[in-house]
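# A structural walkthrough
Given next are the chains, with one letter for each unit.
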Amino acid sequence: PDNQDLIDLNEVVGAAVRLINNTLKHSTDCFEVVYGENLPKIRGSFQRIEQVVVNLIINACQSLPSKDKGIRVTTRYERETERNLLIVMDEGVGISTSDLPHVTDPFFTTKREHGGTGLGLSVASRIVEDHKGSFEFSSIPGEGTTVSLYLPVYPEVNIHE
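As a starting point, this report considers the structure included with it. None of these values were measured; they are calculated from a predicted model.

## Remarks on the packing of aromatic side chains
The description of two aromatic rings rests on the distance between their centres and on the angle between their planes. Per the counting criterion, the structure on display carries one aromatic pair. The interplanar angle of 45 degrees and the centroid separation of 5.3 Å between the aromatic rings of Phe135 and Phe137 together place this pair among those described as tilted. Residue Phe135 is classed as buried on the basis of its relative accessible area, which comes to 17%. The ring centre of Tyr150 lies 3.9 Å from the NZ or CZ of Arg83, which sits over that ring.

This is the structure in structure tokens:
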């Protein structure tokens, strides 16, 4: 039942950004959020999706080599696939080609020496699966990483609001 709420992805992102405002301030001088307009609602748990967004942005923060490197968060609705899309793009150190397929594996971390447990993204990917969503990761070592989070929307719900 707890994942039957109708939630607005933009509100979730806004709440997540407020939660980690201090981390963002310490990590980068170039943080930007671009909110898509008229996103249909998704069905799910506000807190759990917020946890995923927090995780993605904190990972992006941790990947930045200096404060002049940026992070951009974008939301939008893809009509063709009836999905909301959240993109977190960072100008961080990137993820090697060999590590990329493992980023959501439990206990896999490239940040062990910085106290990373490797559970963040595995927990996040479980939450995303529970919401019938999916992740795509792309990265260029030395240039940055882009994480795309797709969450299906429920048009029939949105019509009868």
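## Looking at the packing of helix 1 (residues 9-19) against helix 3 (residues 46-63)
The contact between helix 1 and helix 3 brings their axes to 9 Å, and the two run at 55 degrees. In this view, helix 1 runs oblique relative to helix 3, as classed from their interaxial angle. Both helix 1 and helix 3 take part in a crossing whose hand is right-handed. Contacts between helix 1 and helix 3 pair Leu9, Glu11, Val12, Val13, Ala15, Ala16, Val17 and Leu19 from the former with Phe46, Ile49, Glu50, Val53, Val54 and Ile57 from the latter.

Rules used throughout
Residues numbered from 1 in each chain as written. Predicted model: local features only at pLDDT ≥ 70, side-chain atom pairs only at ≥ 80, totals over all residues. Heavy atoms only, no water. Phe/Tyr/Trp six-rings, centres within 6.5 Å; stacked < 30°, edge-to-face > 60°. Buried < 20%, exposed > 50% of the residue type's maximum accessible area, 1.4 Å probe, protein only. Lys NZ or Arg CZ within 6 Å of the ring centre and 35° of its normal. Axes fitted to C-alpha atoms, helices over the stretch in contact; angles between N-to-C directions. Helix = DSSP H or I, 4+ residues; strand = E, 2+ residues; numbered from the N terminus. Parallel < 35°, antiparallel > 145°, perpendicular 65-115°, else oblique. Left-handed = near helix turned anticlockwise from the far one by under 90°. Contact = heavy atoms within 4.5 Å.

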